[in-house]
Amino acid sequence: IYTMKKFTFITTILICFLYYNIDAQIFEPTDPIDWRSFASKNDENTTSETPVKGEVMKLLPNEAVDVSIAKVNKKGELEYILNTTSEKNVTYIVTMDYMRYKSDQVSGENGGMVKIGVGLRLVARITAKAKGIDLGSLFSIATGVQNGKINGSINLDIIGVQNKDVTITCPIPSELNPSSIQFALQAITTVKAQIYDVDAILYPQVFATKTNDKETSSSDLLGEYKKQIKDDAWYVKSMEIINGQENETLAVK
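Residues numbered from 1 in each chain as written. Predicted model: local features only at pLDDT ≥ 70, side-chain atom pairs only at ≥ 80, totals over all residues. Heavy atoms only, no water.

Right, let's get into the overall build of the chain. Scanning the chain from terminus to terminus reveals eight helices and nine strands. For the chain, long-range pairs separated by at least 24 residues make up 78% of all intrachain contacts whose partners lie at least 6 apart in sequence. Working note: accessible area of the chain is about 13,000 Å², and carbon and sulfur atoms make up 52% of it. (Helix = DSSP H or I, 4+ residues; strand = E, 2+ residues; numbered from the N terminus. Contact = heavy atoms within 4.5 Å. Areas by Shrake-Rupley, 256 points an atom, 1.4 Å probe, with all protein chains shown as cover.)

Right, let's talk about the packing of aromatic side chains for a bit. Summed over the entire model, instances satisfying the criterion amount to four aromatic pairs. Consider the rings of F38 and Y225, whose centres lie 5.5 Å apart with planes at 65°: the pair is edge-to-face. Pair noted here: F38 is in the loop between β1 (28–34) and α2 (52–59) and Y225 is in helix α6 (residues 218–229), with a separation of 187 residues, a long-range link. In this structure Y225 comes out as buried when scored by relative accessible area, which is 0%. Between K115 and the ring centre of F27, over which it is positioned, the NZ or CZ distance is 4.5 Å. (Phe/Tyr/Trp six-rings, centres within 6.5 Å; stacked < 30°, edge-to-face > 60°. Buried < 20%, exposed > 50% of the residue type's maximum accessible area, 1.4 Å probe, protein only. Lys NZ or Arg CZ within 6 Å of the ring centre and 35° of its normal.)

Taking burial as the measure, the seven residues of strand β9 (residues 205–211) include five buried ones, the bulk of the element. As judged from the four bridges shared by β1 and β9, these two strands associate in the antiparallel manner. Along β9, the bridge assignment pairs P29 with A208. (Pairing = 2+ DSSP bridges.)

Given a rise of 1.5 Å per residue, 12 residues ought to cover 16 Å, and the 17 Å separating the end C-alpha atoms of α6 matches this to within 8%. Looking only at α6, the buried set comprises L221, L222, E224, Y225 and I229. In a view along the axis of α6, the buried residues occupy a sector of 160°, so they form one face of it. α6 presents S219 and K227 as exposed residues on the side facing more than 90 degrees away from its buried surface. Tucked inside the fold, the buried residues of α6 contact β1, β4 (90–106), β5 (112–128), β9 and α7 (233–243). (Expected span 1.5 Å × (residues − 1). Arc of directions from axis to C-beta.)

Attention shifts here to the side chain of S137. Looking at where S137 falls in the secondary structure, it is placed in the loop between β5 and α3 (138–146). The class for S137 is buried, based on a relative accessible area of 6%. At 3.0 Å, the side chain of S137 and the backbone nitrogen of S140 are in polar contact. (Polar contact = N/O pair within 3.5 Å; in protein donor to acceptor, adjacent residues only side chain to side chain.)

A word on the pairing of strand β3 (residues 78–81). By the bridge criterion, four bridges tie strand β2 (residues 62–72) to β3 in an arrangement that is antiparallel. Of the residues in β3, the one forming a bridge with K71 is E79.

Bringing the pattern of salt bridges into the picture now. Per the counting criterion, the structure on display carries nine salt bridges. Across the pair R121 and D97 runs a salt bridge whose closest N-O atoms are separated by 2.7 Å. Placement of R121 in strand β5 and of D97 in strand β4 is noted, with a sequence separation of 24 residues between them. The exposure class of D97 is buried, given its relative accessible area of 5%. Measuring nitrogen to oxygen at the nearest pair gives 3.8 Å for the salt bridge that ties K227 to E224. Placement of both K227 and E224 in helix α6 is noted, with a separation of three residues, approximately one turn of the helix. E224 sits in the buried class, given a relative accessible area of 16%. (Salt bridge = Lys/Arg side-chain N within 4 Å of Asp/Glu carboxyl O.)

What follows deals with helix α5 (residues 178–195). Helix length check: α5, at 18 residues, gives a terminal C-alpha distance of 26 Å against a target of 26 Å (1.5 Å per residue), a fit within 8%. Regarding α5, the residues found buried are S180, I181, A184, L185, A187, I188, T189, V191, Q194 and I195. The opening residue of α5 is N177, an N-cap whose side-chain oxygen sits 3.1 Å from the backbone nitrogen of S179.

To continue, consider the confidence of the model for the chain. With 79% of its residues at a pLDDT of 70 or more, the chain shows a mean pLDDT of 81. Within the model, pLDDT remains below 50 along residues 18–25, and this stretch shows 16 contacts once partners closer than five positions in the same chain are excluded. (pLDDT = per-residue confidence, 0-100.)

What follows deals with the environment of I242. Examined against the element boundaries, I242 turns out to sit in helix α7. Sequence-distant contacts of I242, defined by excluding residues within four places in its chain, comprise W35, R36, V56, L59, L202, Y203 and P204.

Another aspect to go through is the packing of α3 against α5. Each packed pair of helices is defined by two parameters, the angle between the axes and the distance between the axes. Where α3 contacts α5, the two axes come as close as 9 Å, and the packing angle between them is 155°. It follows from the interaxial angle that α3 and α5 lie roughly antiparallel. Contact with α3, carried on its side by L138, I141, A142, V145 and Q146, involves P178, I181 and L185 of α5 and no other residues of that element. Split into classes, the residues belonging to the contact of α3 with α5 amount to seven nonpolar, one polar and no charged. (Axes fitted to C-alpha atoms, helices over the stretch in contact; angles between N-to-C directions. Parallel < 35°, antiparallel > 145°, perpendicular 65-115°, else oblique. Nonpolar A, V, L, I, M, F, W, Y, C, P; charged D, E, K, R; others polar.)

Here is the structure:
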């Protein structure tokens, strides 16, 4: 039964990668930033009287697989694109996130939205040797590698999940090939399970941004967001819950 459930989940994730939501590309992935760091007052010793593990999960009600594709221009800068088919001799960064997350609206002059969550990020740096390859599909990418139409590297990042079992069981591939892609899908299954493990400690990270206009940068948006929530009562309470996890985990042991 477990094997069947595992197979079903991996198949579902693969389908999500094959037929991803284009709207997800509106968000640009950023280097993860610990959500707690946005607080102006953050007592690391604060504990919560509520069942912490369940409360942390309640802070992150959404679950999704998002795909974003960035083209590396001649200046070495990333240009996020909606078109998923490759151009010849062009390098791309394909980011695939499996996340348990929440979204926050950012008001103000440099407004937009941010995503905060925990999960796993797969980043493939791809150089396409042919045009017309669907970069939004793991199956297409794997086929391109086999046919010599794609080369590159792959990296896995575990975001906001502290658990020794995740580190032990998740592979850290570097070469882009069909095997490393399969390992990545299996790693998603592992991380999904460990998020709910009693020994896991979850630290939500800001991992994606969406600005209201092209003139606003991600750093401007994050600066506006920090000003917006640093003294917010709900945010401060959330930090208490997140910081209380360590004590609950020690109590279980």
